[in-house]
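# Chain and residue survey
Each chain is listed here by its residues.
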Amino acid sequence: MNPWILLSVAHAQEAENADGGEDVVETPSAQTEPFGEAPSEAPTVSSETVADPGGIPEGGFIGNDSYGAIPLGSGWGYVWAVYIVTWLTMLGYAGYLALRNRKTS
Amino acid sequence: MKWHYALGALGVLFLGTGHAWGLFFAPPEFMMGDVGRILYAHVPTAWNAMLVYLFAFVAAIGTLWTSKSSWESWLVGFVEVGVVLNILLCFQGAMWAKPTWGVYWDWDPRLTTTAILIALFAGVLIQRNLFHAPDKRRIITGVTAVIAFVNVPIVYFATTWWNSLHQGLSSPDTVSNPMHWPLRVSAFGVLFLAVAFSAERAKQERARLEREDTAPTLPLAQKQLELGAE
């Protein structure tokens, strides 16, 4: 089990148990519904989706924190939002500098 | 052509290539699926925001050490670009957090210290407008930038020092092989663009400082008031 996942779940459970509930580290639950809806149950993470301790998962990266919950093909809206805003920021800042240049020259 | 325009064009080429690679040719991340492609935009922005702040710190030391306007103008350029990358970084992180954590924002140590970083370096830029005396403004800008930089290693090690919801330190050593190159190419793209933007902003600031030195822009009475206030 990836120790990072255990820590993350412990952190989340500490927040949930802020009213004095006991801190129990359990197997991380998977978020089966996309886009942050509350999971209807708490399925466990299979050994196929969790990286070996200390190793880089094939096709993934250490510290992955989705708990293997996001179905393939989903979430493109977030991906496009990130890339479009990234390019708009670069273009916008370049435009701002060009305007400043014109104003001061 | 000025060197930083060529560097900016190279940055666009690298960033476009890296992003296209990450979006259309890199495999979906094995747990997150396609949402994992945010990696190629978010991580290069994060690395370079911290790197640009490091450049700002060096420029701040140079400014305080030499009192030269060239160092001061580079300092302004790096701080401004650092703040832009930092704000962008937080947006990208929020877009990644929603589908993976279920929330756009969490007051987790990495996220909180990163938000504080925006406030600190934005403060460096804001306070420059509060001082009209060049010497005082230069010293205060340098000192506040050095103080703001203290938070950069705290941001970097936040996931190591505290129990953080955010993943640990990212590097090519923690990423699967097929994801290395789009990540590296995107990172160089952001770096080239960040340096090009900083150079252009520094050039503008240098010109402004030179005009301020040579031209009697302030009425005599206002100058005397400022000198008297010191």
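Structural notes, computed from the coordinates. (Residues numbered from 1 in each chain as written. Chains lettered and ligands numbered in written order. Predicted model: local features only at pLDDT ≥ 70, side-chain atom pairs only at ≥ 80, totals over all residues. Heavy atoms only, no water.)

### Brief notes about the overall build of chain B
- What chain B contains, in helices and strands, is eight helices and zero strands.
- Listing each helix as α and each strand as β along chain B from the N terminus yields α-α-α-α-α-α-α-α.
- Burial analysis of chain B (230 residues in total) assigns 52% to the buried set.
- Expressed as a percentage of contacts within chain B between residues at least 6 apart in sequence, the contacts between residues at least 24 apart total 78%.
- As displayed, chain B offers around 10200 Å² of accessible surface, 71% of which is attributable to carbon and sulfur atoms. (Helix = DSSP H or I, 4+ residues; strand = E, 2+ residues; numbered from the N terminus. Buried < 20%, exposed > 50% of the residue type's maximum accessible area, 1.4 Å probe, protein only. Contact = heavy atoms within 4.5 Å. Areas by Shrake-Rupley, 256 points an atom, 1.4 Å probe, with all protein chains shown as cover.)

### Details of the packing of helix α4 (residues 109-128) of chain B against helix α6 (residues 151-161) of chain B
Residues and elements named next belong to chain B.
- Interhelical geometry of α4 versus α6 gives an angle of 165° and a closest axis separation of 8 Å. Accordingly, the angle class assigned to the pair α4 and α6 is roughly antiparallel. Handedness of the α4/α6 crossing: left-handed. Residue-level inspection shows Pro109, Arg110, Thr113, Thr114, Ile116, Leu117, Leu120 and Phe121 of α4 in contact with α6, the latter providing Asn151, Val152, Ile154, Val155, Tyr156, Ala158 and Thr159.
- In terms of residue class, the contact of α4 with α6 is built from ten nonpolar, four polar and one charged. (Axes fitted to C-alpha atoms, helices over the stretch in contact; angles between N-to-C directions. Parallel < 35°, antiparallel > 145°, perpendicular 65-115°, else oblique. Left-handed = near helix turned anticlockwise from the far one by under 90°. Nonpolar A, V, L, I, M, F, W, Y, C, P; charged D, E, K, R; others polar.)

### Notes on the pattern of salt bridges
Residues and elements named next belong to chain B.
- Applying the stated criterion across every chain, the model contains eight salt bridges over all chains.
- Between Asp34 and Arg37 there is a salt bridge, with the nearest N and O atoms lying 3.0 Å from each other. In this structure, Asp34 and Arg37 share a single accessibility class: buried.
- Here the salt bridges share partners, and the residues they tie into one network are Glu72, Glu80, Arg128, Arg201, Glu205 and Arg208. (Salt bridge = Lys/Arg side-chain N within 4 Å of Asp/Glu carboxyl O.)

### Considerations on the nonpolar core
- One finds Met90 of chain A together with Leu85 and Phe121 of chain B to be the most contacted residues of the largest nonpolar core, which totals 31 residues.
- Of all elements in the fold, only α2 (76-104) of chain A together with α2 (39-66), α3 (69-101), α4, α5 (134-149), α6 and α7 (180-214) of chain B reach the threshold of two or more residues within this core.
- Looking at this core element by element, the count peaks at eight residues for α3 of chain B.
- In contact with Leu85 of chain B, not counting residues within four places along its chain, are Met90 of chain A together with Thr45, Asn48, Ala49, Val52, Val190 and Ala194 of chain B.
- Counting residues in each nonpolar core, the second largest holds 18 residues, with Val82 of chain A together with Leu23, Val35 and Met95 of chain B among its members. (Core = buried A, V, L, I, M, F, W, Y, C linked by side-chain atoms within 4.5 Å.)

### Focus: the layout of surface pockets
Residues and elements named next belong to chain B.
- A volume near 560 Å³ is recorded for the second largest pocket.
- Secondary structure elements with two or more residues in the lining of the second largest pocket: α2, α3, α4 and α6.
- Ranked by residues supplied to the lining of the second largest pocket, first place goes to α3 with eight residues.
- Grouping the constituent residues of the lining of the second largest pocket by class yields 16 nonpolar, eight polar and two charged. (1 Å grid on protein atoms, 1.4 Å probe; cavity = no way out; pocket = protein on both sides within 12 Å on 5 of 7 lines; lining within 4 Å. Points joined across faces, edges and corners; volume = space filled by probe spheres on them.)

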